[in-house]
Amino acid sequence: MGVVKLLLLSILLAMGWPCCGRALELQVTVHASGPHDLSEAYVRDLIALALSKALPPGSKTTMVTTDPMTKTRAISTLKNGQLAGFVLNIAGQVDDEALVKINLPTFLGASDYRICFGRAALRGALAEVKTVDDLKPFSFAHALGWADTPVMRANGLKVIEVQRIDSIFRMMSIDRVDLFCRNLIEVLFELDAAPPGVVVMDGFLLKYPAPHYLHVHVRDRALADLLQQGLLAAVRDGSAPRLLKRYLLPSSKRFDLKHRRVIPLTGGYEYSRESLPKLDFLP
């Protein structure tokens, strides 16, 4: 989205738009970490849904993706304002005057849960896990810079950070790390990519406050206003929860998410759940 279109969008919003009904063509750029990240596919669909709710009839949104990059690099790119119309989903709190946060969690509370991969040989040892203390003998793999690494460590869990997320399964297969815990959206596809001997652990989910929020550069504040308006509308009319359920239902059924033991961790980024819907397919 060019500077001229952004300026026009700001003027229209100041005039009370979309009451004036003028259709616009917007281009939005979204992050790509790799070809198979289903959580990013969900975020793209959520952005498109929000804009469809906020834009007047006849408007068109074109969505393009960045070249694959780490989340750390993507955040730096956003802060530097290198891409106009760049919308990035970021975990937790980011204090930076260059960014505007859309104040509604993108995963509607579902990102508070984690399900874990592990070596099949560990299934017996993990079958009766009930508390965080039961998990302390095991090691957890995280990519560098993940926002929940401090949470895990604050709960006494051993975290091994790696440069490349695609090396984690290989490390697990050669016994260099025990567990790899993932967003519920990501787990089903990643199971297909797991090497022999690496499986999803049965019986438990980790839970701690871990909201993600859409962010844009401050110069794209008009776009932030549209996203805020559209997300609220999509939550209220049920279309956002339905979208999330469409992405999560296969994992919910496959791994019986609703009936798993929940192991709470302390810490995390606390946030209000007041406006969020109840997700009946989760514990």
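Relevant structure appears above.
Note that the structure is predicted; figures quoted are calculated from it, not measured.

1. Structural notes on the sheet that holds strand 4 (residues 99-101)
The strand order across the open sheet formed by five strands is 2-1-3-11-4, and the pairing between neighbours is mixed. With one partner strand each, in any of the chains shown, strand 2 (60-65) and strand 4 form the two edges of the open sheet. Each adjacent strand pair in this sheet contributes to an overall mean axis angle of 35 degrees, direction not counted. Note: strand 1 (residues 25-30) against strand 2, six bridges, orientation parallel. Bridged to Val-28 within strand 2 is Met-63. Contacts between helix 2 (residues 38-54) and the sheet are confined to strand 1, strand 2, strand 3 (86-91) and strand 11 (212-217), with strand 2 contributing the most and set at about 160 degrees to the helix. Along the sheet face, helix 3 (residues 71-79) touches strand 3, strand 4 and strand 11 and points at about 130 degrees away from the line of strand 3.

2. Some remarks on the pairing of strand 5 (residues 113-119)
Of all seven residues that make up strand 5, seven are buried, and the element is covered over most of its length. In this structure, strand 5 lies alongside strand 10 (residues 204-207), joined through two bridges in antiparallel fashion. Each residue of the ladder has a partner; that of Tyr-113, found in strand 10, is Lys-207. Note: strand 5 against strand 8 (residues 179-183), five bridges, orientation antiparallel.

3. Things to note about the pattern of salt bridges
Under the criterion given, the structure shown has 15 salt bridges. Of the charged contacts in the structure, one is a salt bridge between Lys-136 and Asp-133, with a shortest N-O distance of 2.8 Å. Judged by relative accessible area, which is 39%, Lys-136 ranks as partly exposed. Of the residues examined, Asp-133 reaches a relative accessible area of 48% and is grouped as partly exposed. The salt bridge partner of Glu-190 is Arg-182, with a shortest N-O separation of 2.9 Å. No difference in accessibility class separates Glu-190 from Arg-182, as the two residues are buried.

4. Some remarks on the layout of surface pockets
Over the atoms rolls a probe the size of a water molecule, and its path tells where empty space is left. Its boundaries defined by the atoms lining it, the second largest pocket holds a volume of some 220 Å³. Here the residues of the lining of the second largest pocket are counted per class, giving nine nonpolar, one polar and four charged.

Thresholds applied
Residue numbers restart at each chain and count upward from 1, following the sequence in its written direction. Since the coordinates come from a predicted model, pLDDT governs what is reported: local features require at least 70, and pairs of side-chain atoms require 80 or more to be given and counted, while whole-chain, interface and lining totals use all residues. Water and hydrogen atoms were dropped before computing side-chain values, which therefore reflect all heavy atoms in the structure. Any two strands with at least two DSSP bridges between them are considered paired. The way it works is that DSSP assigns letters per residue, a run of H or I at least four long becomes a helix, a run of E at least two long becomes a strand, and they are numbered from the N terminus. Interaxial angle, 0 to 180 degrees, is taken between N-to-C directions of lines fitted to C-alpha atoms, where a helix line uses only the stretch in contact. It only takes one pair of heavy atoms within 4.5 Å for two residues to be counted as in contact. Burial classes follow relative accessibility: with a 1.4 Å probe on protein chains only, a residue under 20% of its type's maximum area counts as buried, one over 50% as exposed, and anything between as partly exposed. One speaks of a salt bridge when a side-chain nitrogen belonging to Lys or Arg is within 4 Å of a carboxyl oxygen belonging to Asp or Glu. Grid spacing is 1 Å over the protein atoms alone, the probe is 1.4 Å, and a cavity is where that probe fits but cannot get out, while a pocket is an open set with protein on both sides within 12 Å along at least five of seven lines and lining residues have an atom within 4 Å of a point. Grid points are joined across faces, edges and corners, and a volume is the space filled by probe spheres set on the points. Think of it as three bins: nonpolar holds Ala, Val, Leu, Ile, Met, Phe, Trp, Tyr, Cys and Pro, charged holds Asp, Glu, Lys and Arg, and polar takes everything else, Gly as well.

Spatial relationships are all this shows, so hold off on functional conclusions.
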